[in-house]
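Secondary and tertiary structure notes
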Amino acid sequence: MTSPSRLPPPELAETRTQDHLKAAFSRDAAAAQLWAAFGRIAEIEGQPEAARLFREMAESEALGAQGHLDLLLRVGEPLGGFSAGPTPDNLRAAAALQAEQASEGLPEMARTARAEGFPDIASWFESVAAARAVHAARLDAARSPR
Amino acid sequence: MSYDAQHIVVLSGIEAIRLRPTLFIGALGASGVSHLLTEVVQNAVDEALAGHNGRIAVTGAADGTWTVEDAGRGIPVDPHPATGRPALEVVVSTLHSGGKFWGGAYIAPGGLHGVGLAAVNALSSAFSVEVRRHGEAHRLVCARGQILSPCAPVGPAEGRGTTVSFRPDPSIFGEAQVDLAALRARLQAQAFLTPGLSVSLTLPDQSWSWCEPEGLSGLVRSHNEGRELVHPAPIAFSGAEGEVSVQVALQWTQGWSEDAHSFVNGIHTPKGGAHADGFNAALLRVLSEAAAGLLEEGEALSGIDLREGLTSALSLRMPVPAFDGQAKAALASREVEPLVSRLVEAGLRAAFSADPALAAAVVGRALEAGRARAASRRASARARYRKQNLRVDHAVYREQFGIRSKNWHQSARWITDQTLLGAHAALCEAPADAVVLDICCGSGVVGASFKGKVGHITGLDLTPEMAALARTRLDDVVLADVYDIPFPEGRFDLVTNREVLHLFPHPERPVSEVFRVLKPGGQFIVGQLVPYSAVDAPWFFRVLKKKQPLFYNNFLDRDMVRLLEAAGFVDIHYTEVLQWEDIDTWIDTWETPPMMRHQIRDLYHHAPAEVRAVHPFEIREDGVIWDCWRWCVFSAKKPAG
């Protein structure tokens, strides 16, 4: 009898499990930020017990997000599906992701915000887009051989 | 390569400190030098707290040498039983040595538990100690942690005490200067914390001395100088349980910001910690009871509203406190929190039961703050721009600027900054008889900066209180809305404006109105606070939006150029003005809720490295934040003919 561990592992790409890992990564990465923000609010409000709880949750949730990522990175980064792992690949993936956000994603969000009557939120998206464009340029510079 | 015992390096304490100074003193530069000085001063303070010292004299020499003299018991010079060397030599050359590890000599010391003098010695290019004990003076001389001249008697001495002199090593600290304002505040605080102790600071060109018999009440009074008060005298009380004791003084002002000063064994804890949390919890508990009958349905008293306008001083004494890190910014000893809370609660309860009207006034104020905040949130929502009718709710602007007009010129430095005003006037190309309009003129200082260069200056503002201020400076002022400027086309030679376009949901509209009322060839001069670049833009947005709910546009300089071009302006150019703003004053304002003030300070404390690299700001030792703001003052012309 062949031991099950000797079977080749199934391919993760394009499975529901990969989708679930991506969803869990996005959710836990976001939650870690959310708990950290809640923790600071509790601290300012003078509720140290709640602050500590939120801070500890933020740390653990960040660890969860990193764990999802460990598994996802076997088949590429989860935000745009670019191959990732070694630094040259990561620089290429990050440059593409940041450029897309700077030139398409965020400007589109800004247009929608303006159309819906939220000029301050539109200005926020535009500010972030401008900073992303700087990152894209830095990433390009980091990729090109000196 | 093998890895065995010969690779394990054993550093003496002194070498370890010199190799990794930040582990011991938190930071290099000016803050590191201050930390060394604090260490030495703290030893003198500990002698005072133990009841043996009535005087601390700090002297700064022109060459960077600091001398701290006290009238305490003097560091022992007799042979130390374990080493046979004079105790003084052990103290200045051995980490984790000193009189504060075991009970007996000190109950609640604030010094660094033995890292202290040895760390100062290790990090000083010249270091000496003179001890006066039992009628004899002893002297020890060191440099960079090494003893040059051992502890020896140098003759008879009058009185007793210790004098420590040190010059921070320039090869570690450069020529860093101590933040004098912060040092003065810290020394004065020591005098407040130990009533009867005289403290002096002498520099080559100036000197100060303090003796504060009133204690913490005096500290609160001194911080509240010039502030409008809710009650005439600070509330003060103290309490003790076992070896732990607290002293408290507090007083509410009509201001918006909280001004909290906390100390543990005489050490300032700028980030608070367990004792401050205990204090805040007790305050909320006691005043919630007083608020019981005053709350509307579904309303709760919030601690953060209670502390609005509160100036407080809290001093805790306890054996063996634990701090977050060597820099001691916050008290980590959680176990004292309930005890502090109990002691403060008892003190507050007694104070408020003696003066029930005061409790009612304080609670009423906090409830009012919460209600005003809820109303302002609703108002901000009302200000939401609706595309169809280009309307903004004027009441929102009138309310905010009506309130702010009461202390407009004191509410931030930029408003009357002469360099910034001068930069507007310097761009003026209008003829000497020019007719000028200053839109959203506020108190009229921008329009007034053109006086002598132009003929007639009209101001325009939406807020009656502001218009009243402007009438004292400008030729005439109209109450009107910049979305519909009440003047015919081509009326003015020059229109000016500063720091307003970012507050409009639809800035194109006022800019096109300005274009309309200008004569052909007329000039528009407009100043705007902008980020340094795209890199600090998101960070800057967050700071501005938390300060000002009506912040709608985070203009980069290129966005301002585009806005002007889109309205038809030509010949656009601008000058840049850098201006240091006092952020704590700037955010001490009605429209900025206390939570946002805390979060704004957080944004400075945790600014990303990329932001720090492009946007200069300083967080002083006493926590005060100064931001070097970048203004662009634009000049644009309406095409001639």
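On a predicted model such as this, the values are computed, not experimentally measured, just so you know.

**Quick notes on the pairing of strand E3 (residues 124–133) of chain B**
Residues and elements named next belong to chain B.
- Along E3, seven of the ten residues are buried, which leaves the element largely enclosed by surrounding structure.
- With eight bridges joining them, E3 and strand E6 (residues 161–168) adopt antiparallel strand pairing. Across the sheet, Ala126 pairs through a bridge with Arg167, a residue of E6.
- Pairing between E3 and strand E4 (residues 136–143): seven bridges, direction antiparallel. Paired with Val131 across the bridge in E4 is His138.
- Between E3 and the antiparallel strand that follows it, E4, lie two residues; His134 among them carries a positive phi value of about 50°.

**Topic: the environment of Glu489 of chain B**
- Counting through the fold element by element, Glu489 of chain B comes out in the loop between strand E16 (476–479) and strand E17 (492–498).
- Spatially, the C-alpha atoms of Glu489 of chain B and Val514 of chain B are 9.3 Å apart, while their sequence positions differ by 25 residues.

**Regarding the domain arrangement of chain B**
- One can read the domain layout of chain B as domain 1 (13–210), domain 2 (216–370) and domain 3 (394–532 + 550–580 + 628–637).
- A separation of 32 Å is found between the C-alpha centroids of domain 1 of chain B and domain 2 of chain B.

**Overview of the interface of chain A and chain B**
- Contacts between the two partners involve 17 residues from chain A and, on the opposite side, 26 residues from chain B.
- Mapped by element, the contributors of at least two residues to the side of chain A that touches chain B are helix H1 (16–45) and helix H4 (119–143) of chain A.
- Looking at the side of chain A that touches chain B, the element that brings in the most residues is H4 of chain A, giving ten residues.
- Considered class by class, the residues forming the side of chain A that touches chain B number ten nonpolar, four polar and three charged.

**Digging into the confidence of the model for chain B**
Residue and element names in this part refer to chain B.
- Of all residues in chain B, 90% have pLDDT values of 70 or greater, and the mean over the chain is 86.
- Per-residue pLDDT stays below 50 along residues 101–105; that stretch engages in three contacts with residues further than four places along the chain or on separate chains.
- This stretch, residues 384–389, has a pLDDT under 50; its non-local contacts, to residues over four places away or in other chains, come to nine contacts.
- Across the interface, the model reports ipTM at 0.90; the global pTM reads 0.75.

**A few points about the sheet that holds E3 of chain B**
All names here are of chain B.
- Overall, mixed pairing links the eight strands, which are arranged E5-E4-E3-E6-E2-E1-E7-E8 in an open sheet. Edge positions in the sheet fall to strand E5 (146–156) and strand E8 (207–210), since each of these pairs with one other strand and no more. Here the average twist between neighbouring strands, direction ignored, is 10°.
- Here E4 runs beside E5; their pairing, made up of seven bridges, is antiparallel. Each bridged residue has a counterpart across the sheet, and for Ala137 the counterpart in E5 is Gly155.
- Most of the contacts of helix H7 (residues 180–193) go to strand E7 (residues 198–202), to which it runs at about 165°, and overall it touches strand E1 (55–60), E7 and E8.

**Examining the environment of Ile403 of chain B**
- Within the element layout of this structure, Ile403 of chain B appears in helix H13 (residues 394–404).
- As a C-alpha pair, Ile403 of chain B and Trp590 of chain B span 187 residues in sequence and 7.5 Å in three-dimensional space.

Scoring rules and cut-offs
- Residues numbered from 1 in each chain as written.
- Chains lettered and ligands numbered in written order.
- Predicted model: local features only at pLDDT ≥ 70, side-chain atom pairs only at ≥ 80, totals over all residues.
- Buried ≥ 20, exposed ≤ 12 C-beta atoms within 10 Å, placed from the backbone.
- Helix = DSSP H or I, 4+ residues; strand = E, 2+ residues; numbered from the N terminus.
- Pairing = 2+ DSSP bridges.
- Domains from an automatic or database assignment.
- Contact = placed C-beta atoms within 7 Å.
- Nonpolar A, V, L, I, M, F, W, Y, C, P; charged D, E, K, R; others polar.
- pLDDT = per-residue confidence, 0-100.
- Axes fitted to C-alpha atoms, helices over the stretch in contact; angles between N-to-C directions.

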